[in-house]
Amino acid sequence: MPDQSPPAPELFTWEFAADPYPAYAWLREHAPVHRTKLPSGVDAWLVTRYADARQTLADTRLSKNPAHHDEPAHAKGRTGIPGERQADLMTHLLNIDPPDHTRLRRLVSKAFTPRRVAEFAPRVQELTDDLIDRFTTSGSGTADLIHDFAFPLPIHAICDLLGVPREDQDDFRDWAGMMIRHGGGPRGGVARSVKKMRGYLAELIHRKRMELPAEPVPGEDLISGLIRASDHGAHLTENEAAAMAFILLFAGFETTVNLIGNGTYALLTHPEQRMRLQRALAEGDRALLETGVEELLRYDGPVELATWRFATEPVVIGGQRIEAGDPVLVVLAAADRDPERFADPDTLDLGRRDNQHLGYGHGIHYCLGAPLARLEGQTALASLLTRLPDLRLAVDPAELRWRGGLIMRGLRTLPVEFSPPRSGQT
């Protein structure tokens, strides 16, 4: 009998970027561990089923260190953040394995605590309200929620948390903007921005180290906490601190830009779920907000593929043998819509309870910044829905464009309309 299955979908086209989920459904069913050539020219394995993805994320035979990549000459240096090699920023948590990973994560965890994030909540609310004030008081009743809100909120929040002076944060916004264009800017622009950010962070860390008080002060910034943290007497080197500050910034802002953008878009295109959440917020019930943000992370999350892993020895995933040196990419967006794990996976249900999504990863590389991302996502969405109850898309969804790039999933723009608040109304 001839094979009656539909042909394999084309991956990484603009049409695919707009809605990758049908292609991922095909891969889950017909080729759950699939070898493909990426747009960068690198050949890699895509893992799409939930059970396989969870196993892969925790498998110690899969290294985060690019040194284990058996890369051909044409693929040299194409598996990480552009420019991080040249800027000497490789010694961060996304590129290392135990025991170095264990030591660095333990040090960083001492500075990046849930308590510190919770104490930061009023500042996140202040930033959120200020940004909404800015675009609602123009009188136009329109905004681009990516440019005017989703992008500046996390970049200023993470800069404040790290301890970047306010007068320097516009530079960070420019560098970060270049980094999330994913090839949409001038050639080499991302690498130049990474290099500039690296130079600035090294200087800032050195200055803070020289001025560090003997004892911590209330509200001490995260970079000072990184400098102060020690593990059995061992401290982060300035280079390690710079790499850690860089990855906290890099990983901590684009994911939240996409969480806010994708989440708002999902709510605006699912009016019954949006009204459900607005009613709960009006009644002072935040439980649905908490489960809702988790569901938005599962349904159309900010990270489409987990960051790179490389087999250190032959390994079998989902019945497929993967050779030593091969790159492996876990497709979180596919795993989180696996019907073997989630009931009605293509349905947005803000009250979903059994929701162990992989949006923040799994295992020892579980996202360190998850508490901050949750805080920012909950604050941003609750504030938008409460202050702009008639918020609506200003264009047909088919007109929206998604940013290119392999790891992240996010909108380029999100034009919206709303009734401007009356004078004196906040």
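Residues numbered from 1 in each chain as written. Predicted model: local features only at pLDDT ≥ 70, side-chain atom pairs only at ≥ 80, totals over all residues. Heavy atoms only, no water.

### A look at empty space enclosed by the protein
Phase 1 of the analysis: Taken as a whole and judged by the stated rule, the model has one cavity of 30 Å³ or more.
Phase 2 of the analysis: Considering only enclosed or pocket space, the largest cavity measures out at about 50 Å³ in volume.
Phase 3 of the analysis: Listed by contribution, the elements that provide at least two residues to the lining of the largest cavity are α14 (287-300) and α15 (332-335).
Phase 4 of the analysis: Looking at the lining of the largest cavity, its residues break down into five nonpolar, two polar and two charged. (1 Å grid on protein atoms, 1.4 Å probe; cavity = no way out; pocket = protein on both sides within 12 Å on 5 of 7 lines; lining within 4 Å. Points joined across faces, edges and corners; volume = space filled by probe spheres on them. Helix = DSSP H or I, 4+ residues; strand = E, 2+ residues; numbered from the N terminus. Nonpolar A, V, L, I, M, F, W, Y, C, P; charged D, E, K, R; others polar.)

### Focus: the pairing of strand β10 (residues 327-330)
Phase 1 of the analysis: Covered by surrounding structure in β10 are Pro327 and Leu329 together with Val328 and Val330, the residues of both alternating faces.
Phase 2 of the analysis: Pairing of strand β2 (residues 43-47) with β10 involves three bridges; the strand directions are parallel. When the sheet's bridge partners are listed, valine 47 is paired in β10 with valine 330.
Phase 3 of the analysis: Alignment of strand β7 (residues 309-311) against β10, held across two bridges, turns out to be antiparallel. Each residue of the ladder has a partner; that of phenylalanine 310, found in β10, is proline 327. (Buried < 20%, exposed > 50% of the residue type's maximum accessible area, 1.4 Å probe, protein only. Pairing = 2+ DSSP bridges.)

### Section: helix α4 (residues 100-111)
Phase 1 of the analysis: The end-to-end C-alpha distance of α4 is 17 Å, a good match for the 16 Å that twelve residues give at a rise of 1.5 Å each.
Phase 2 of the analysis: Buried within α4 we find His101, Leu104, Arg105, Leu107, Val108 and Ala111. Along the axis of α4, the buried positions cluster into a sector of 165 degrees, meaning they face one direction only. (Expected span 1.5 Å × (residues − 1). Arc of directions from axis to C-beta.)

### Here's the deal with the sheet that holds strand β11 (residues 392-393)
Phase 1 of the analysis: Strand order in the open sheet formed by three strands is β4-β12-β11, and the pairing between neighbours is antiparallel. Edge positions in the open sheet fall to β4 (142-144) and β11, since each of these has one partner strand only.
Phase 2 of the analysis: Strand direction decides the pairing type here: β11 and strand β12 (residues 415-417), joined by two bridges, are antiparallel. Across the sheet, residue arginine 392 finds its bridge partner in β12, namely glutamate 417.

### Quick notes on the packing of helix α8 (residues 152-162) against helix α9 (residues 169-179)
Phase 1 of the analysis: The interhelical angle for the contact between α8 and α9, taken along N-to-C directions, is 130 degrees, at an axis separation of 10 Å. In terms of their interaxial angle, α8 and α9 are classed as oblique. The handedness of the crossing between α8 and α9 is right-handed. Of α9, the residues touching α8 (which contributes Pro152, Ile155, His156, Cys159 and Asp160) are Gln169, Asp170, Phe172, Arg173 and Ala176.
Phase 2 of the analysis: Residues of the contact of α8 with α9, tallied by class, amount to five nonpolar, two polar and three charged. (Axes fitted to C-alpha atoms, helices over the stretch in contact; angles between N-to-C directions. Parallel < 35°, antiparallel > 145°, perpendicular 65-115°, else oblique. Left-handed = near helix turned anticlockwise from the far one by under 90°. Contact = heavy atoms within 4.5 Å.)

### A word on unusual backbone geometry
Phase 1 of the analysis: In this structure, proline 99 follows proline 98 across a cis peptide bond, with omega equal to 5 degrees.
Phase 2 of the analysis: You can see proline 99 is positioned in the loop between β3 (62-63) and α4.
Phase 3 of the analysis: In this structure, aspartate 344 is a non-glycine residue whose phi angle is positive, near 45 degrees.
Phase 4 of the analysis: Checked against the element boundaries, aspartate 344 lands in the loop between α15 and α16 (370-387).
Phase 5 of the analysis: Judged by relative accessible area, which is 57%, aspartate 344 ranks as exposed.

### Regarding the environment of proline 271
Phase 1 of the analysis: Mapped onto the fold, proline 271 is located in helix α13 (residues 271-282).
Phase 2 of the analysis: Overall, the relative accessible area of 47% leaves proline 271 in the partly exposed class.
Phase 3 of the analysis: Distance in space between the C-alpha atoms of proline 271 and arginine 392 is 9.6 Å, their sequence separation being 121 residues.

### Describing the environment of aspartate 148
Phase 1 of the analysis: Considering the arrangement of structural elements, one finds aspartate 148 in helix α7 (residues 145-150).
Phase 2 of the analysis: Residue aspartate 148 is classed as partly exposed on the basis of its relative accessible area of 26%.
Phase 3 of the analysis: Sequence separation between aspartate 148 and isoleucine 132 is 16 residues; the distance between their C-alpha atoms is 8.3 Å.
Phase 4 of the analysis: Other than its neighbours up to four places away in sequence, aspartate 148 contacts Leu131, Phe135 and Ala143.

### Focus: the packing of aromatic side chains
Phase 1 of the analysis: Taken as a whole and judged by the stated rule, the model has twelve aromatic pairs.
Phase 2 of the analysis: Arranged with centres 5.4 Å apart and planes meeting at 90 degrees, the rings of phenylalanine 16 and tyrosine 24 form a pair that is edge-to-face. The two residues phenylalanine 16 and tyrosine 24 agree in class, both being buried.
Phase 3 of the analysis: Taken together, Phe12, Phe16 and Tyr24 form an aromatic cluster joined through their ring pairs.
Phase 4 of the analysis: For arginine 337, the ring lying beneath its charged end belongs to tyrosine 299, and the centroid distance is 4.2 Å.
Phase 5 of the analysis: The cationic tip of arginine 341 hangs over the ring face of phenylalanine 342; the distance from NZ or CZ to the ring centre is 5.0 Å. (Phe/Tyr/Trp six-rings, centres within 6.5 Å; stacked < 30°, edge-to-face > 60°. Lys NZ or Arg CZ within 6 Å of the ring centre and 35° of its normal.)

### Describing the nonpolar core
Phase 1 of the analysis: Ranked by size, the top nonpolar core spans 74 residues in total, and within it Phe135, Phe149, Leu162, Phe172 and Leu414 carry the most contacts.
Phase 2 of the analysis: Broken down by element, this core gets its largest block of residues, 14 residues, from helix α12 (residues 238-268).
Phase 3 of the analysis: For leucine 414, the contacting residues outside a window of four places in its chain are Ala143, Asp144, Leu145, Ile146, Gly261, Thr264, Tyr265, Leu393 and Leu400.
Phase 4 of the analysis: Formed by 32 residues, the second largest nonpolar core is a distinct cluster that contains Leu46, Phe310, Ala334 and Ala335. (Core = buried A, V, L, I, M, F, W, Y, C linked by side-chain atoms within 4.5 Å.)

### Brief notes about the side chain of histidine 101
Phase 1 of the analysis: Summarising the element assignment, histidine 101 is placed in helix α4.
Phase 2 of the analysis: Contact partners of histidine 101, with chain neighbours within four places excluded, come to Leu93, Ile96, Ile364 and His365.

### A short note on the sheet that holds β2
Phase 1 of the analysis: Strand order in the open sheet formed by five strands is β1-β2-β10-β7-β3, and the pairing between neighbours is mixed. Two strands lie at the open edges of the sheet, namely β1 (33-37) and β3, each paired on one side alone.
Phase 2 of the analysis: This element, helix α3 (residues 50-58), spans β1, β2, β3, β7 and β10 of the sheet and lies at about 125 degrees to β10.

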